[in-house]
Amino acid sequence: MKKILMLHGVNHNMFGKRDPKQYGTITLQEIDARLQALGQELGAEIESFQTNSESAMCERIHAAFTEGKDAVLINAGAWTHYSYAIRDALDILTCPIVELHMSNIHAREEFRHHSVFADIVRGQICGFGVDSYLLGLRAAMGALPAN
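As the structure is a computational prediction, the values presented were derived from the model and not from experiment. (Residues numbered from 1 in each chain as written. Predicted model: local features only at pLDDT ≥ 70, side-chain atom pairs only at ≥ 80, totals over all residues. Heavy atoms only, no water.)

Can you tell me about the packing of helix α2 (residues 28-42) against helix α5 (residues 130-142), naming the residues and giving the values?
Put simply, α2 and α5 touch, their axes get as near as 10 Å, and they point 30° apart. When the axis of α2 is compared with that of α5, the two are roughly parallel. For α2 against α5, the interelement crossing comes out right-handed. Across the interface between the two elements, I31, R34, L35, L38, G39, E41 and L42 of α2 pack against V130, D131, Y133, L134, L137, R138 and M141 of α5. When the residues that make up the contact of α2 with α5 are grouped by side-chain class, the tally is nine nonpolar, one polar and four charged. (Axes fitted to C-alpha atoms, helices over the stretch in contact; angles between N-to-C directions. Helix = DSSP H or I, 4+ residues; strand = E, 2+ residues; numbered from the N terminus. Parallel < 35°, antiparallel > 145°, perpendicular 65-115°, else oblique. Left-handed = near helix turned anticlockwise from the far one by under 90°. Contact = heavy atoms within 4.5 Å. Nonpolar A, V, L, I, M, F, W, Y, C, P; charged D, E, K, R; others polar.)

So what's going on with unusual backbone geometry? Residues and values would help.
Note on backbone geometry: most residues besides glycine have negative phi, and most peptide bonds are trans. Residues other than glycine seldom take positive phi values, yet N11 does so here, at roughly 75°. Along the polypeptide, N11 turns up in the loop between β1 (2-8) and α1 (20-23).

Let's hear about the pairing of strand β4 (residues 97-101): which residues, and what values?
Along β4, five of the five residues are buried, which leaves the element largely enclosed by surrounding structure. What you see with β4 is no split at all: I97, E99 and H101 on one side and V98 and L100 on the other are buried throughout. The sheet contact formed by strand β3 (residues 71-75) and β4 spans three bridges and is parallel. Note that in β4 the partner of L73 across the bridge is V98. Inspection of the sheet shows β4 paired to strand β5 (residues 123-126) by four bridges, in the parallel sense. The residue bridging E99 from the neighbouring strand is Q124, located in β5. (Buried < 20%, exposed > 50% of the residue type's maximum accessible area, 1.4 Å probe, protein only. Pairing = 2+ DSSP bridges.)

Residue-level account of the environment of S53, with values.
One can find S53 in the loop between β2 (44-50) and α3 (54-67). When the C-alpha atoms of S53 and V10 are compared, they prove to be 7.2 Å apart, with 43 residues separating the residues in sequence. One polar contact links the side chain of S53 to the main-chain amide nitrogen of A56, over a distance of 3.2 Å. (Polar contact = N/O pair within 3.5 Å; in protein donor to acceptor, adjacent residues only side chain to side chain.)

So, the pattern of salt bridges: which residues are in play, and what are the values?
Here the structure, examined in full by the defined rule, presents 10 salt bridges. Here E41 makes a salt bridge to R138, at a shortest N to O gap of 3.7 Å. Remark: R138 occurs in helix α5 and E41 occurs in helix α2; sequence separation between them is 97 residues. Residues D88 and R87 are paired through a salt bridge, measuring 3.6 Å at the closest nitrogen-oxygen approach. The exposure class of D88 is partly exposed, given its relative accessible area of 47%. Residue classification places R87 among the buried positions, given a relative accessible area of 15%. Through salt bridges with shared partners, a single network forms among E47, R60, E67 and K69. (Salt bridge = Lys/Arg side-chain N within 4 Å of Asp/Glu carboxyl O.)

In structure tokens:
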């Protein structure tokens, strides 16, 4: 089983309540359940982590390096656009990183169009709601060596 870490960023604990026009009504727990189900199908063990603390996010990324995670998925929320601390933590990783967003960040406010992670991630997926997570998991698995 491949070990995949799903990192959920700031305010994601409020999915299902927060701005349903952008994020729908799905909850974080439902997103994680969908990832778990697809992970089983693809031969991956998914560990999900959510925090509203930038330092806790950096520490979890550091732990992912030490643990030798096979891939990391990240939806950092607003941190995507300005957190060089999280970017630098991610840059330590040697595994594929897939950035994802439920909403289309390029069709929203101007400040959301830029990702400070873009140059270090394998790719970005945005605008597909919960399917962004599932597409991200498939992309991460596809980026791993077959063995």
